[in-house]
Amino acid sequence: IEEIKREIELLSRFKVNTFHFHLTENQAWRFEVKKYPQLTSDSSMSRFPGKYYTQEECRALETFAAERGVTIIPEIDMPGHSAAFKRAMGHSMQSDEGVQELKNILDEVATTFPLAPYIHIGADEESITYPGFLKIMTDKVHSLGKKVIVWNPIRGVRISADAGFDMTQMWSTAGRKVAGIPNIDCRYNYVNHFDIYADV
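Residues numbered from 1 in each chain as written. Predicted model: local features only at pLDDT ≥ 70, side-chain atom pairs only at ≥ 80, totals over all residues. Heavy atoms only, no water.

**Here we look at the side chain of Thr112**
And step 1. Checked against the element boundaries, Thr112 lands in helix H4 (residues 96-112).
And step 2. Here Glu108 takes part through its backbone oxygen, which lies 2.6 Å from a polar atom of the side chain of Thr112. (Helix = DSSP H or I, 4+ residues; strand = E, 2+ residues; numbered from the N terminus. Polar contact = N/O pair within 3.5 Å; in protein donor to acceptor, adjacent residues only side chain to side chain.)

**A word on the pattern of salt bridges**
And step 1. All chains considered together, the criterion is met by seven salt bridges.
And step 2. With a shortest N-O distance of 3.0 Å, Glu9 and Arg68 are connected by a salt bridge. Of this pair, Glu9 sits in helix H1 (residues 2-13) while Arg68 sits in the loop between helix H2 (55-67) and strand E2 (71-78), and the two are 59 residues apart along the sequence.
And step 3. Residue classification places Glu9 among the partly exposed positions, given a relative accessible area of 34%.
And step 4. Exposure remark for Arg68: the relative accessible area of 26% places this residue in the partly exposed category. (Salt bridge = Lys/Arg side-chain N within 4 Å of Asp/Glu carboxyl O. Buried < 20%, exposed > 50% of the residue type's maximum accessible area, 1.4 Å probe, protein only.)

**Notes on the nonpolar core**
And step 1. One finds Trp29 and Ile105 to be the most contacted residues of the largest nonpolar core, which totals 46 residues.
And step 2. Per-element tally for this core: the top contributor is H4, with six residues. (Core = buried A, V, L, I, M, F, W, Y, C linked by side-chain atoms within 4.5 Å.)

**Things to note about the environment of Asp124**
And step 1. Locating Asp124 in the fold gives a position in the loop between strand E3 (118-122) and helix H5 (133-143).
And step 2. Considered as a pair, Asp124 and Gly69 are 55 residues apart in the sequence and their alpha carbons are 29 Å apart.
And step 3. Those residues in contact with Asp124 that lie beyond four places of it in its chain are Asp77, Gly80, His81, Trp151, Pro153 and Trp171. (Contact = heavy atoms within 4.5 Å.)

**Side note on the environment of Phe64**
And step 1. By the element assignment, Phe64 lies in helix H2.
And step 2. Each C-alpha atom, one on Phe64 and one on Lys5, is 7.7 Å from the other, the two residues being 59 residues apart in sequence.
And step 3. Excluding residues that lie within four positions of it along the chain, Phe64 makes contacts with Lys5, Ile8 and Glu9.

**Focus on the packing of aromatic side chains**
And step 1. Counted according to the given criterion, the structure contains five aromatic pairs.
And step 2. For the ring pair Phe21 and Phe113, a centre distance of 6.4 Å and an interplane angle of 90° mean the geometry is edge-to-face. Within this pair, whereas Phe21 is found in strand E1 (residues 18-22), its partner Phe113 is found in the loop between H4 and E3, the two being separated by 92 residues in sequence. Neither Phe21 nor Phe113 differs from the other in exposure class; each is buried.
And step 3. Against the face of Phe64 rests Lys5, its NZ or CZ located 5.3 Å from the ring centre. (Phe/Tyr/Trp six-rings, centres within 6.5 Å; stacked < 30°, edge-to-face > 60°. Lys NZ or Arg CZ within 6 Å of the ring centre and 35° of its normal.)

Printed below as a string of structure tokens:
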């Protein structure tokens, strides 16, 4: 948390007003979920076991950021980057159980980050096989009074302004602008992919 506070201070100093908080990954689930403590158990993590952010820490961080003019956008990646979820829960996100658990998780995310106008649901790097998966999750986020961001492209899914998403985040060189909704252009600004000095 102290490291992230330092990063937010720097963002604010340079007039960057958004912090994208990617809370889940294959290696570990880093967001405390009261209903499913197994998500943050040591055994579910393949890197830095036992390290995660409590909801109390996240709330305090959101307040800290807001005081500096920075909005936090939390991301719960689904259904991709979810190996840690599968290890902890014993099944895929794209199952009846997984879908219900994700809905419950989104409830906790929304209450933990009350100032966040968006919840990023990822949606990339794994084929969508569960019928209506993205619509179910998008509808859930909207029911919580939040807007939805997805990565762009999504494997096997055509993203359009009428798909229900509120914003896309274009990644690598594959992302394409979607007419009719905002698009975040991150295609050439990955510090581990390209020459960041050229970008700067």
